[in-house]
Amino acid sequence: MINFQYVQATDVADAVRQTDGDPRARFVAGGTNLIDLMKMEVEQPTRVIDITRLPLRQVEPTPSGGLRIGALVPNTDLAYHPLVEERYPVLSSAIMAGASQQLRNMASTGGNLLQRTRCAYFYDVATPCNKRTPGTGCSAIEGLNRGHAILGTSQACIAVHPSDMCVAMMMLDATVHVTGPTGDRVVPFADFHRLPGDAPQRDTNLNPGEIITAVELPPKGFASHHTYLKIRDRLSYAFALVAIAAGLDLDGDTIKEGRFALGGIAHKPWRDPKAEAVLRGQPANAATFTRAADVLLRDARGYKYNTFKIDLARRCIVRALGQAARATPQSQSHKKIA
């Protein structure tokens, strides 16, 4: 049994104060990830700070025409929110592709951003894992690594980020609002999560004591031409081998702007401006999409059991961008194809 102190925060400032400079203090909202980690003794917090009573459950338009999403908005509420379904349907599709209805009802927006990897070695305290205990080694590199990363890896870690929602938010160019001991700041979504480098124990660029208060979406939501494609071993309740959120702005058959972000292939949701630049001004066809895929995957590296992911990712990019071009936006999930 892990002994820890449990406290309830009365407001955001109180939540920050309750961390009291303790690096092992943890915020809890839905608890869909943290509680599992505590049960397996992967996480052993000294203090658990309940933030469920904080006023962070609003979804509201911003003066610039975007959308501000409170950190405690449940995933289900966000997926079905009329403004999300109308203006950012790719986000709704991504959320609905993840987890089960029960988990979506409990999981919060902020908590989804803070999910930890689903690497089996990370969850198994009997095996070495640099993410869990820095300096002990990465068991996945020479182990069962079929679901692991092909981009942005290091000798310290080849784990992947598990969130579907974050893939869509990366593509939409969201920003994350946080507050902490030194005040408020806004973090571009592309800079929020980290690559493993030599410090894989750090999943995000949050500073000690900081808490997510909201996620903001810009006005452009690619509502007309978008798709979320998720390829996994089972039709439901499985993490992605490869996932992609794609959006296109078209002038006839010519691409004015294209964006796409991938999940299941790196330590963070993966987006590459150089690959997106290949799309600009080009015809919306398979040849263009293939060139963009080749640029994004130029540095991809497979390991013993996951090399297939490189070609799978290439085919997923071409397929997802094609679906977006044809305005066939529904989430696509399939059984094992690799």
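Residues numbered from 1 in each chain as written. Predicted model: local features only at pLDDT ≥ 70, side-chain atom pairs only at ≥ 80, totals over all residues. Heavy atoms only, no water.

Per an unreviewed UniProt entry, the recorded name for the protein is Xanthine dehydrogenase YagS FAD-binding subunit, and the organism is Bradyrhizobium stylosanthis.

Caption draft 1: A look at the nonpolar core. Leu54, Leu78, Leu91, Leu113 and Met169 are the most contacted members of the largest nonpolar core, which has 51 residues in total. For this core, the leading source of residues is helix α9 (residues 165–171), giving seven residues. Counting residues domain by domain, this core receives three or more from each of domain 1 (5–53) and domain 2 (226–326). Setting aside residues no more than four positions away along its own chain, Leu54 makes contact with Ala9, Thr10, Asp11, Val12, Ala15, Leu72 and Ile211. Core analysis: the next-biggest nonpolar cluster, separate from the first, contains 33 residues, Ala246, Ile265, Trp270 and Leu297 among them. (Core = buried A, V, L, I, M, F, W, Y, C linked by side-chain atoms within 4.5 Å. Buried < 20%, exposed > 50% of the residue type's maximum accessible area, 1.4 Å probe, protein only. Helix = DSSP H or I, 4+ residues; strand = E, 2+ residues; numbered from the N terminus. Domains from an automatic or database assignment. Contact = heavy atoms within 4.5 Å.)

Caption draft 2: Region of interest: unusual backbone geometry. The phi angle at Ala99 is positive, at roughly 60°, despite the residue not being glycine. Topologically, Ala99 is positioned in the loop between α5 (89–96) and α6 (101–106). Of note, Phe222 is a non-glycine position whose phi angle comes to about 50°, a positive value. With respect to the helices and strands, Phe222 occurs in the loop between β8 (211–217) and β9 (226–231).

Caption draft 3: Examining the pattern of salt bridges more closely. A complete count under the given rule lists 17 salt bridges for this structure. Measuring nitrogen to oxygen at the nearest pair gives 3.1 Å for the salt bridge that ties Arg26 to Glu43. Taken together, the residues span a long stretch of sequence, with Arg26 in strand β2 (residues 25–28) and Glu43 in the loop between α2 (34–39) and β3 (47–50) at a distance of 17 residues. A residue is classified by how much of its surface remains accessible, and Glu43, at 9% relative accessible area, is buried. A salt bridge links Asp233 to Arg146; the nearest nitrogen and oxygen atoms lie 2.9 Å apart. Placement of the pair is Asp233 in the loop between β9 and β10 (242–251) and Arg146 in the loop between α8 (120–123) and α9, with a sequence separation of 87 residues. (Salt bridge = Lys/Arg side-chain N within 4 Å of Asp/Glu carboxyl O.)

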